[in-house]
Amino acid sequence: MAISRVLAILILQYSLVALVSSAGPRGGWKTLQGSPPLVIARGGFSGIFPDSSSLAYSLTLDTCGPNVTLWCDVQLTKDGVGICFPELKLDNASDISIAYPGKAKDYLVNEVSTRGWFSVDYNLAELANVSVVQGVYSRTNKFDGNKLPIRSVEDVAKLIKSPSTGLWLNIQHDSFFKQQNLSVENFLQSLPAKSVPVNYISSPDVDFLRRVKSSFSSGPTGFIFRFLEQSKLEPTTNQTYGELLKNLMLIKTFASGILVPKGYIWPVDSGLYLQPHTPLVTDAHREGLQVFVSDLTNDVPFSYNFSYDPLAECLSFIDGDDFSVDGVLSDFPVTPSAAIMDTLVITKYGASGDNPACTDLAYNQAKSDGADVLDCPVQMSKDGIPFCLSSIDLSESTTVADTQLKNRATTIPEIKYRSGIYTFSLTWDEIKTLTPSILNPYEKYILSRNPKSKNLGKLITLSDFLSLTEGSRILISIENAAYLAEKQNLRVTDAVLDALQKAKPRSHKVMIQSTHSSVLKIFKDKSKFERVYKVDENIGGAADSAIEDIKTFADAVVIGKASVFPESSAFLVNFTNIVARLKSFKLPVFVETFSNEFVSQAWDYYSDPSIEINSFVIGTKVNGIITDFPKTANRYRRNLCLKHGNEAPYMSPIEPGKLFKQISNLYLPPLPPPLPILTDSNVTEAPLPGVSGRVPTPGVGVAPAPITA
């Protein structure tokens, strides 16, 4: 897109929401009460829709089902009505500055002079002219034109149809409202208990919780003390929140639980790597306090230990070896579920999301991460040695441009228009001295991959790869074969066949991939390996004759994600039938490339890679996914919940176009042009040219005898 952990029981791996209905991990949950962790949707599904909007709350209930708790940040209006709105000031997440221009005021907020539009200056009727908008600028503003009204607490409560859906009211600024002669306590007391059952009330103010607890003492409401940054002062005790953390016995006198930022439990160092977890959860549980964690957000950078996988981060809090928090507060309350067990996980350059591509480290990690198929894109050195590298241009995945070899740069229009330092310009002895460099495909979004490993590992020959992957299923991809044969006297297909023959390929299950039918036809004639045809452009369909042609030289097909779900401005607009078409001709379909970084996914996937995977696996029944984060895909696939039915909303694939239809006309992006149809002319190719007349390098260019898989 232009703008993604083995547990023994049913649903633990995949969704915070799914966890709610799970039986729990082996030995039971380590929460205070032994029950599944609570899922708390901050302002509803505020990662997609404007915070506290009806669409945000409705999407939460649609995707997460009834076992979820709706979070409402309560602000008071001039007439004492409680509204759900994320901030004390209204101007950042609403259009109030347009509805009431020139009406900004100055107030002291926590003894700091603050200018803006405040709820205390407007009654509920006046706020009917104001619409909520997206207040987080890195998120899509495409729903800002929908004129979504500010909702009262009672409005939000009316959305709750199931007794298992909870309501959490957060009171952040009680002292400010008192200064304006408004009482949060009176508002809370005015709520009808039957129609607005309040499950939790939280606040960072000790005095407020002490007061309000007495008035709710006979009810089922839980009172939660919210910790802010450790260096901030709590107004009642005049102690910092960090100091209060050392006195959990005191907190137990006025609260039944605590809500803490995630760094209180899993701190990170300055490089965004995890430090050992603190004993906070264990200590709080010992005192009889529940522990809820905040700041788990899918679409901001978090610890590199989690490889941009928000599910992995979530599981570190709810499935620790010795603790589990009692609930999680998230802007993306569905972090997904559901998998089937027969989907292949195919690597993209090994585990290249965590290590430099095609290095020994990337392949070893991919094996330990549970990948089914390990891939090696074969490149050729000047002296005819086949080796694994993500690109024929060394400068894309090594530091060659910083070495004396940078003078080998040249421009070859047949390969690419920009200058490069090509593998066939250096000998293997020169190439193996190079330092690998981790790929950063989303660097322009300031998202870097695993800095600690960015230059680790070593490049390996194809023979080394075959030794390293002994007994594994492997995929060898071959590109630029015609150019290498005609212009460089390098027969890459023969080099691959020779290496496989010498490696006793019966110990491997081999797949050969190429975008060129001429390459795959050679392997059809000389081996019985599985052949995979990669379609190198996005397509919306395929002619029968083209598919029949593919079947003459290939056993499976690789297509891009956009061929399945076309998108515009990072929104899915519709879907094609290309997967079903190819499978109807008995051709398995693999789709690429699935990454964890949230900018790689359409907004429809809620900035969560597992949601995206689920939509392809369950929604279109692809046979395999190609990913640079195989651990994420394998974790998703190991989920067993589908064996128990597919009735829960979070088990359903995304409906393409659903979010797109919610965009108002003013903000509506253009529809993408129709995708082309794959035809015979796209598939049919002339045979590969022969090598030149010069003497070939030993072991290269001499066709070996036919071999079998």
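Above this text you will find the structure in question.
As the structure is a computational prediction, the values presented were derived from the model and not from experiment.

Undergrad: Where do I start with the packing of aromatic side chains in this structure?
TA: Working definition: an aromatic ring pair is given by the centre-to-centre distance plus the angle between the planes. Across all of its chains, the model carries 28 aromatic pairs by this definition. Relative to F292, the ring of W168 lies with its centre 5.1 Å away and its plane at 90°, an arrangement referred to as edge-to-face. In this pair, W168 is assigned in strand β9 (residues 166-170) and F292 in strand β15 (residues 290-296), connecting sequence segments 124 residues apart. Take W168 and F292: they sit in the same class, and that class is buried. Geometrically, the ring pair formed by F565 and F616 is edge-to-face, given 4.9 Å between the ring centres and 70° between the ring planes. Taken together, the positions of F565 in the loop between α19 (561-564) and β25 (567-568) and F616 in helix α21 (residues 609-617) put the pair 51 residues apart, joining distant regions of the chain. An aromatic cluster of three or more residues is present, and its members are F225, F227, Y241, F254 and Y264. Cation over ring: K561 sits above F594, and NZ or CZ is 5.4 Å from the ring centre.

Undergrad: How do you make sense of the pairing of strand β2 (residues 69-76) when you look at a structure like this?
TA: Side-chain positions along a regular strand alternate between the two faces of the sheet. With eight of eight residues buried, β2 lies mostly within the body of the structure. Covered by surrounding structure in β2 are T69, W71, D73 and Q75 together with L70, C72, V74 and L76, the residues of both alternating faces. Strand direction decides the pairing type here: strand β1 (residues 38-42) and β2, joined by three bridges, are parallel. The partner of A41 across the bridge, within β2, is L70. Sheet topology places β2 next to β9; five bridges connect them, and they run parallel. Residue pairing for β9: C72 is matched across the bridge by L169. Pairing of β2 with strand β3 (residues 82-84), which is carried by three bridges, proceeds in the antiparallel orientation. The residue bridging V74 from the neighbouring strand is C84, located in β3. Between the end of β2 and the start of β3, which pair antiparallel, lie five residues, with G80 showing a positive phi angle near 80°.

Undergrad: Is there a simple way to think about the packing of α21 against helix α22 (residues 630-638) in this case?
TA: To describe two helices that pack against each other, one gives the angle between their axes and the distance between the axes. Relative to each other, α21 and α22 sit at 60°, their axes nearing to 10 Å. With respect to α22, the axis of α21 lies oblique. In this structure, α21 crosses over α22, and the sense of that crossing is right-handed. Counting all contacts with α21, which are made through P609, S610, I613, N614 and V617, the residues of α22 involved are T632, A633 and Y636.

Undergrad: Explanation requested: the environment of A602 in the structure shown.
TA: Residue placement: A602 occurs in the loop between β27 (589-594) and α21. With relative accessibility at 2%, the residue A602 sits in the buried group. Each C-alpha atom of the pair A602 and P566 lies 10.0 Å from the other, and the pair is 36 residues apart in sequence.

Undergrad: Would you take a moment to explain the layout of surface pockets for this structure?
TA: One way to see where empty space is left: roll a probe the size of a water molecule over the atoms. If you add up the space inside the largest pocket, you get close to 1300 Å³. Lining the largest pocket are 46 residues; nearest its centre among them are Q172, H173, R226, L228 and K232. Every element with two or more residues in the lining of the largest pocket is listed here: β2, β4 (105-109), α5 (174-179), β12 (233-234), β15 and β16 (327-330). Sort the elements by how many residues they give to the lining of the largest pocket and α5 lands first, with four residues. Here the lining of the largest pocket is composed, by residue class, of 18 nonpolar, 14 polar and 14 charged. Each pocket or cavity is described by its volume, and for the second largest pocket that value is around 680 Å³. Y349, S390, E479, N480 and K534 are the residues nearest the centre of the second largest pocket, which is lined by 31 residues in total. Broken down by secondary-structure element, the contributors of at least two residues to the lining of the second largest pocket are β17 (344-347), β18 (373-380) and β20 (473-478). At four residues, the largest contribution of residues to the lining of the second largest pocket is made by β18. For the lining of the second largest pocket, the residue count by class is twelve nonpolar, nine polar and ten charged.

Undergrad: I'm lost on the pattern of salt bridges in this one. Help?
TA: Pairs can form between side chains of opposite charge whenever their charged atoms are close. Summed over all chains, the structure comprises 31 salt bridges. Here D95 makes a salt bridge to K147, at a shortest N to O gap of 3.8 Å. Taken together, the residues span a long stretch of sequence, with D95 in the loop between β3 and α3 (96-99) and K147 in the loop between β6 (131-132) and β7 (148-149) at a distance of 52 residues. With a closest N to O distance of 3.3 Å, D429 and K432 form a salt bridge. Via salt bridges that share partners, R42, D51, R139, D299 and D331 belong to a single interconnected network.

Undergrad: For this particular structure, what's the right way to read the nonpolar core?
TA: Inside soluble globular proteins, nonpolar side chains tend to come together where they are buried. The biggest cluster of nonpolar side chains holds 115 residues, and the ones touching the most others in it are I48, F465, V496, I512 and I559. If one sorts the elements of this core by residue count, helix α16 (residues 492-502) sits on top with six residues. Here this core spans two domains, since at least three of its residues come from each of domain 1 (28-89 + 151-330) and domain 2 (345-389 + 459-679). With sequence-adjacent residues up to four places away left out, I48 is seen in contact with L59, Q134, T140, F143, F332, W603, Y606 and L659.

Undergrad: Got a minute to help me understand unusual backbone geometry in this structure?
TA: It is generally the case that most residues other than glycine have a negative phi and that most peptide bonds are trans. The amide bond that connects E592 to the next residue, T593, takes the cis arrangement and shows omega of -15°. Within the secondary structure layout, T593 lies in strand β27. Unusually for a residue other than glycine, Y349 sits at a positive phi of about 65°. Taking relative accessible area as the criterion, Y349 reaches 17% and is therefore assigned buried.

Undergrad: Where do I start with the state of the cysteines in this structure?
TA: Should the sulfur atoms of two cysteines be covalently bonded, the bond is a disulfide. Summed over all chains, the structure comprises two disulfides. A sulfur-sulfur distance of 2.1 Å marks the disulfide that ties C72 to C84. Residues C72 and C84 are joined by a disulfide whose S-S torsion is about -105°; by sign, that bridge is left-handed. Within this pair, whereas C72 is found in strand β2, its partner C84 is found in strand β3, the two being separated by twelve residues in sequence. Across the pair, C84 and C72 agree in class, each one buried. Across a sulfur-sulfur distance of 2.0 Å, C376 and C388 are joined as a disulfide pair. In this structure, the disulfide formed by C376 and C388 twists by about -105° around the S-S bond and is classed as left-handed. Here the residue C376 occupies a position in strand β18, and C388 occupies one in strand β19 (residues 386-388), the gap between them amounting to twelve residues. Classification of C376 as buried rests on a relative accessible area of 0%. For C388, a relative accessible area of 0% puts it in the buried group.

Undergrad: Looking at this model, I keep getting lost on the packing of α16 against helix α17 (residues 517-526). Mind explaining?
TA: Two elements in contact, α16 and α17, have axes separated by 11 Å at closest approach and are oriented at 40°. The handedness of the crossing between α16 and α17 comes out as right-handed. Side by side, α16 and α17 meet where T493, D494, V496 and L497 of the first sit next to V519, I522, F523 and K526 of the second. Among the residues making up the contact of α16 with α17, the classes are represented as five nonpolar, one polar and two charged.

Undergrad: How should the pairing of β9 be read in this particular structure?
TA: For β9, the tally of buried residues reaches five of five residues, placing the bulk of the element in the interior. The alternating pattern of β9 places G166, W168 and N170 on one face and L167 and L169 on the opposite face, and all of these are buried.

Each value, and the rule that gives it
- Residues numbered from 1 in each chain as written.
- Predicted model: local features only at pLDDT ≥ 70, side-chain atom pairs only at ≥ 80, totals over all residues.
- Heavy atoms only, no water.
- Phe/Tyr/Trp six-rings, centres within 6.5 Å; stacked < 30°, edge-to-face > 60°.
- Helix = DSSP H or I, 4+ residues; strand = E, 2+ residues; numbered from the N terminus.
- Buried < 20%, exposed > 50% of the residue type's maximum accessible area, 1.4 Å probe, protein only.
- Lys NZ or Arg CZ within 6 Å of the ring centre and 35° of its normal.
- Pairing = 2+ DSSP bridges.
- Axes fitted to C-alpha atoms, helices over the stretch in contact; angles between N-to-C directions.
- Parallel < 35°, antiparallel > 145°, perpendicular 65-115°, else oblique.
- Left-handed = near helix turned anticlockwise from the far one by under 90°.
- Contact = heavy atoms within 4.5 Å.
- 1 Å grid on protein atoms, 1.4 Å probe; cavity = no way out; pocket = protein on both sides within 12 Å on 5 of 7 lines; lining within 4 Å.
- Points joined across faces, edges and corners; volume = space filled by probe spheres on them.
- Nonpolar A, V, L, I, M, F, W, Y, C, P; charged D, E, K, R; others polar.
- Salt bridge = Lys/Arg side-chain N within 4 Å of Asp/Glu carboxyl O.
- Core = buried A, V, L, I, M, F, W, Y, C linked by side-chain atoms within 4.5 Å.
- Domains from an automatic or database assignment.
- Disulfide = S-S within 2.5 Å.

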